Amino acid sequence: MSPIDVGPVLGVVGWSGSGKTSLLEALIGRLAGRGLRVNVVKHSHHDVELEPPRKDSARLRMAGAAEVMLASPYRVAILRELRGADEPPLAEHLARLAPADLTLVEGYKWERMPKLEVFRPSLGRPALYPEDPDILAVASDAPPPGGEGGPAWLDLNDPDGVLAWLQKWMR
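Residues numbered from 1 in each chain as written. Predicted model: local features only at pLDDT ≥ 70, side-chain atom pairs only at ≥ 80, totals over all residues. Heavy atoms only, no water.

### Considerations on the overall build of the chain
Moving on, step 1. Helix and strand counts for the chain come out as 4 helices and 8 strands.
Moving on, step 2. Each helix and strand of the chain, placed in order from N terminus to C terminus, yields the pattern β-α-β-α-β-β-α-β-β-β-β-α.
Moving on, step 3. In terms of overall dimensions, the chain has a C-alpha envelope of 60 × 35 × 25 Å along the principal axes.
Moving on, step 4. Within the chain, contacts between residues at least 6 apart in sequence are counted, and of these 54% link residues at least 24 apart.
Moving on, step 5. Here the chain displays about 10400 Å² of accessible surface, and carbon together with sulfur accounts for 54% of that area. (Helix = DSSP H or I, 4+ residues; strand = E, 2+ residues; numbered from the N terminus. Contact = heavy atoms within 4.5 Å. Areas by Shrake-Rupley, 256 points an atom, 1.4 Å probe, with all protein chains shown as cover.)

Shown next, in the form of structure tokens:
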């Protein structure tokens, strides 16, 4: 999944509390420090409230605006009210992004795209990679399982090693 001009897209998946955001933060900092443009799509299962309810933008949204763009010299945000409509598919979100050297997607584990799983056995949840052929690598704090084949096994506590895998994948 890589819409025209968006660049490569890599999903970062795993159970809540596995360390996806911390790993992404480390990777993005290193990639941006090397001059790469990195976009992120972060999925949330929660009701996201980005502005205080009495601010003008919230009042306009609550009055019925389909979308409200907040624009300032520092950042731009677009808020779209779904008003009961289905959540848009990931491809629709990706199409709205500016071109980048890499787009990282946190969550959306059900979508078909190349993925990196963040796996911590201590959470007591099963690994996703045995059931998901789109998972190309696993970053874990556990040793690799025995046997041959399967995804690349990366040390979650070595973000530079994960970055090396990521850069090789991007090539």
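Still more ground to cover, so stick around.
### A look at the layout of surface pockets
Moving on, step 1. Put simply, the second largest pocket is a space of about 300 Å³.
Moving on, step 2. Around the second largest pocket, the lining is made up of 15 residues, and of these Gly14, Ser16, Lys20, His43 and His45 lie nearest the centre. (1 Å grid on protein atoms, 1.4 Å probe; cavity = no way out; pocket = protein on both sides within 12 Å on 5 of 7 lines; lining within 4 Å. Points joined across faces, edges and corners; volume = space filled by probe spheres on them.)

### Some details on the sheet that holds strand 6 (residues 115-119)
Moving on, step 1. With parallel pairing, the 6 strands of this open sheet are ordered in space as 2-5-1-6-7-8. Each edge of the open sheet is held by one strand with a lone partner, namely strand 2 (38-42) and strand 8 (152-155). Here the average twist between neighbouring strands, direction ignored, is 25°.
Moving on, step 2. With 3 bridges connecting them, strand 1 (residues 9-13) and strand 6 associate as parallel partners. Among the inter-strand pairings, valine 13 is bridged to a residue of strand 6, identified as glutamate 117.
Moving on, step 3. On top of the sheet, helix 1 (residues 20-33) reaches strand 1, strand 2, strand 5 (102-106), strand 6 and strand 7 (135-140); it is set at about 170° to strand 5, its chief contact. (Pairing = 2+ DSSP bridges. Axes fitted to C-alpha atoms, helices over the stretch in contact; angles between N-to-C directions.)

### A word on the pairing of strand 5
Moving on, step 1. Counting buried positions along strand 5 yields 5 of 5 residues, so the element is predominantly enclosed.
Moving on, step 2. A two-sided burial pattern is seen for strand 5, the buried positions comprising Leu102, Leu104 and Glu106 on one face and Thr103 and Val105 on the other.
Moving on, step 3. Two strands pair when backbone bridges link them, and strand 1 and strand 5 are joined in this way by 4 bridges, in the parallel orientation. Following the sheet pairing, valine 9 is matched in strand 5 by threonine 103.
Moving on, step 4. Of the strand pairs in this sheet, strand 2 and strand 5 are connected by 5 bridges, and their pairing is parallel. Paired with valine 40 across the two strands is leucine 104, which belongs to strand 5. (Buried < 20%, exposed > 50% of the residue type's maximum accessible area, 1.4 Å probe, protein only.)

### As for the side chain of asparagine 39
Moving on, step 1. Inspection of the secondary structure assignment puts asparagine 39 in strand 2.
Moving on, step 2. Overall, the relative accessible area of 11% leaves asparagine 39 in the buried class.
Moving on, step 3. Of note is the side chain of asparagine 39, whose polar atom sits 2.7 Å from the backbone oxygen of alanine 98.
Moving on, step 4. The contact partners of asparagine 39, leaving out residues within four places of it in the chain, are Leu97, Ala98, Pro99, Ala100, Leu102, Thr103 and Leu104. (Polar contact = N/O pair within 3.5 Å; in protein donor to acceptor, adjacent residues only side chain to side chain.)

### Focus on the packing of aromatic side chains
Moving on, step 1. What the rule picks out here adds up to 3 aromatic pairs.
Moving on, step 2. Measuring from centroid to centroid gives 5.3 Å for tyrosine 108 and tryptophan 110, while their planes differ by 50°, and the two rings are tilted.
Moving on, step 3. Pairing tryptophan 165 with tryptophan 169 gives two aromatic rings, centres 6.4 Å apart and planes at 15°, and the pair type is stacked. Of this pair, tryptophan 165 and tryptophan 169 both sit in helix 4 (residues 159-170), separated by 4 residues, roughly a single helical turn. (Phe/Tyr/Trp six-rings, centres within 6.5 Å; stacked < 30°, edge-to-face > 60°.)

### With respect to the pattern of salt bridges
Two side chains that carry opposite charge are able to pair once their charged atoms sit near each other.
Moving on, step 1. Applying the stated criterion across every chain yields a total of 10 salt bridges.
Moving on, step 2. Note that arginine 30 is salt-bridged to aspartate 160, the shortest N-O span being 2.7 Å. Here aspartate 160 lies in helix 4 and arginine 30 lies in helix 1, a separation of 130 residues in the sequence.
Moving on, step 3. What makes arginine 30 partly exposed here is its relative accessible area of 29%.
Moving on, step 4. Taking relative accessible area as the criterion, aspartate 160 reaches 44% and is therefore assigned partly exposed. (Salt bridge = Lys/Arg side-chain N within 4 Å of Asp/Glu carboxyl O.)

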